[in-house]
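Residue strings, one per chain:
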Amino acid sequence: MKLLRPRASRDHAAVRQIAGWCLQYPDEAVLGKLGLLRACLDETTGPGHAELSRTVAYLEQGDPGELASHYIEVFDRKPRRTLHLSWFLDGDTRRRGETLAALRRFYRTHGFAPAENELPDFLPVILEFAAAAAPGAAGQVLTRFHPALELLHRNMSIMDTPYRDAVAAVLATLPAVPAPPPAEPPAELVGLDPFPTGAGGGR
C-alpha cells in the first residue's frame, strides 16, 4: 500500500511544482498549462498559496509578447537575478562546476534526470525535483540553495515583478534561513561548502 504524504507536505510539493512552471520562460507550453496550474493551486492551502496565486494571475492575464519581454528583462539581463542558483553561492569560480557535478550525481541517485539542455541548478529544475522527491532528499537540495533563494528574492525586490511572488512562495515552504545570505556571490574560490558529497550515498 502506498503511503500518502501529510497534507502540509503535499501542499508544499504542489506549491514548488507550480512555482517551477511559473518561473520558466512563458512559451506556449507554459501558458498552455495555466488552467491546470490554477486548478492545482486552488486545491492547496497554507504557506505560499497567496503569493503564487498572484504570479499565476499575472500569467493568465498577460499578453504573450509582453510576458516574454518581461521575463527576459527580469532574469536574462542581470546575473544578480539569475535562476541558476549556484551563481549566488559560488560565483564564476571553479567551485561552481563542482557544485553542478555533485548536484547531477545527487539527482541520479534519487532517480531524477533533468533535461540535457538545462543546468541542474536552474530553479525550475530544482523545484521539479523537490516536488517529486522524498521529503528528505527534497529538503537537502532546498536547504543547500536556501541562501541563494533569499538573495535572489532580495535582488528582485527592487523591481515591480510578479515573479518575485513565485520566489516568495517557495521560500514560504521552507524554514527560516539560519543566517543572512551573503551580499554578493564570491569572486574567488571561496564561499559556502560544496553540495554535500555524502548526501545520497556514493552517487
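Report on the accompanying structure. Worth saying up front: this structure is predicted, and the values here are computed from it rather than measured. (Residues numbered from 1 in each chain as written. Predicted model: local features only at pLDDT ≥ 70, side-chain atom pairs only at ≥ 80, totals over all residues. Heavy atoms only, no water.)

## Focus on the environment of M159
Which entries qualify depends on this criterion: Each helix is a run of DSSP H or I of at least 4 residues and each strand a run of E of at least 2, with the numbering of both proceeding from the N terminus. Residue contacts are defined here by distance: any two heavy atoms, one from each residue, within 4.5 Å place the two residues in contact.
With respect to the element layout, M159 can be found in the loop between α9 (135-156) and α10 (163-172). Taking C-alpha positions, M159 is 8.1 Å from V74, a pair spaced 85 residues apart along the chain. With residues up to four places along the chain from it excluded, the contact list for M159 reads E73, V74 and R81.

## A short note on the packing of aromatic side chains
Cut-off, in case you're wondering: Aromatic rings from Phe, Tyr and Trp, with only the six-membered ring used for Trp, were paired whenever their centres fell within 6.5 Å, and each pair was classed as stacked if the ring planes differed by under 30 degrees, edge-to-face if by over 60, and tilted otherwise. We count a charge as sitting over a ring when the NZ of a lysine or the CZ of an arginine lies within 6 Å of the ring centre and within 35 degrees of the ring normal.
Throughout the structure, instances matching the rule amount to 10 aromatic pairs. Ring geometry for F106 versus F129: centroids 5.9 Å apart, planes at 65°, classification edge-to-face. Pair noted here: F106 is in helix α7 (residues 94-109) and F129 is in helix α8 (residues 123-132), with a separation of 23 residues, a long-range link. When the ring centre of F145 is taken as reference, the NZ or CZ atom of R144 above it lies at 5.9 Å.

## Observations regarding the packing of α7 against α9
Note the cut-off: For helices, the axis comes from a line fit to the C-alpha atoms of the stretch in contact; other axes are also lines fit to C-alpha atoms, and the angle between any two N-to-C directions lies between 0 and 180 degrees. The cut-offs work like this: below 35 degrees is roughly parallel, past 145 is roughly antiparallel, 65 to 115 is roughly perpendicular, and the gaps in between are oblique. Two helices crossing with the near one rotated counterclockwise from the far one by less than a right angle form a left-handed crossing, whereas a clockwise rotation gives a right-handed crossing. Under the convention adopted here, Pro, Cys and the residues Ala, Val, Leu, Ile, Met, Phe, Trp and Tyr are nonpolar, Asp, Glu, Lys and Arg are charged, and Gly plus all remaining residues are polar.
Across the interface, α7 lies against α9 with an axial gap of 12 Å and an inter-helix angle of 165°. In terms of orientation, α7 lies roughly antiparallel with respect to α9. Along this stretch, α7 crosses α9, giving a crossing that reads as left-handed. Between α7 and α9, the residues in contact are T99, L103 and F106 and A137, Q140, V141, R144 and F145, respectively. Within the contact of α7 with α9, the residues separate by chemical class into five nonpolar, two polar and one charged.

## Things to note about the nonpolar core
Across soluble globular proteins, nonpolar side chains show a tendency to be buried alongside one another. What counts here: In this text, buried Ala, Val, Leu, Ile, Met, Phe, Trp, Tyr and Cys residues form a nonpolar core when linked through side-chain atoms within 4.5 Å. Relative accessibility decides the category of a residue: with a 1.4 Å probe and only protein chains considered, values under 20% of the type maximum give buried, values over 50% give exposed, and everything between is partly exposed.
L52 and L85 are the most contacted members of the largest nonpolar core, which has 50 residues in total. Per element, the largest residue contribution to this core is 10 residues, and it comes from α9. Residues in contact with L85, not counting those within four places in the same chain, are D121, L123, I126, F145, A148, L149 and L152.

## What about the environment of V30?
Tracing the backbone through its elements, the reader meets V30 in helix α2 (residues 28-31). When the C-alpha atoms of V30 and L59 are compared, they prove to be 9.4 Å apart, with 29 residues separating the residues in sequence. Discounting chain neighbours no more than four positions away, the residues touching V30 are W21, Q24 and Y25.

## Re the side chain of T99
Relative to the helices and strands, T99 resides in helix α7. By relative accessible area, which is 1% here, T99 ends up buried. Every residue in contact with T99, bar those within four places of it in the chain, is listed here: S86, D90, R144 and F145.

## Topic: the pattern of salt bridges
The condition that has to hold: Basic side-chain nitrogens of Lys or Arg form a salt bridge, by our definition, when they fall within 4 Å of a carboxyl oxygen of Asp or Glu.
All told, the structure shown has three salt bridges when counted by the stated rule. With a shortest N-O distance of 3.4 Å, R54 and D165 are connected by a salt bridge. In this pair, R54 is assigned in helix α4 (residues 49-61) and D165 in helix α10, connecting sequence segments 111 residues apart. The class of R54 is partly exposed, set by a relative accessible area of 44%. What makes D165 buried here is its relative accessible area of 15%.

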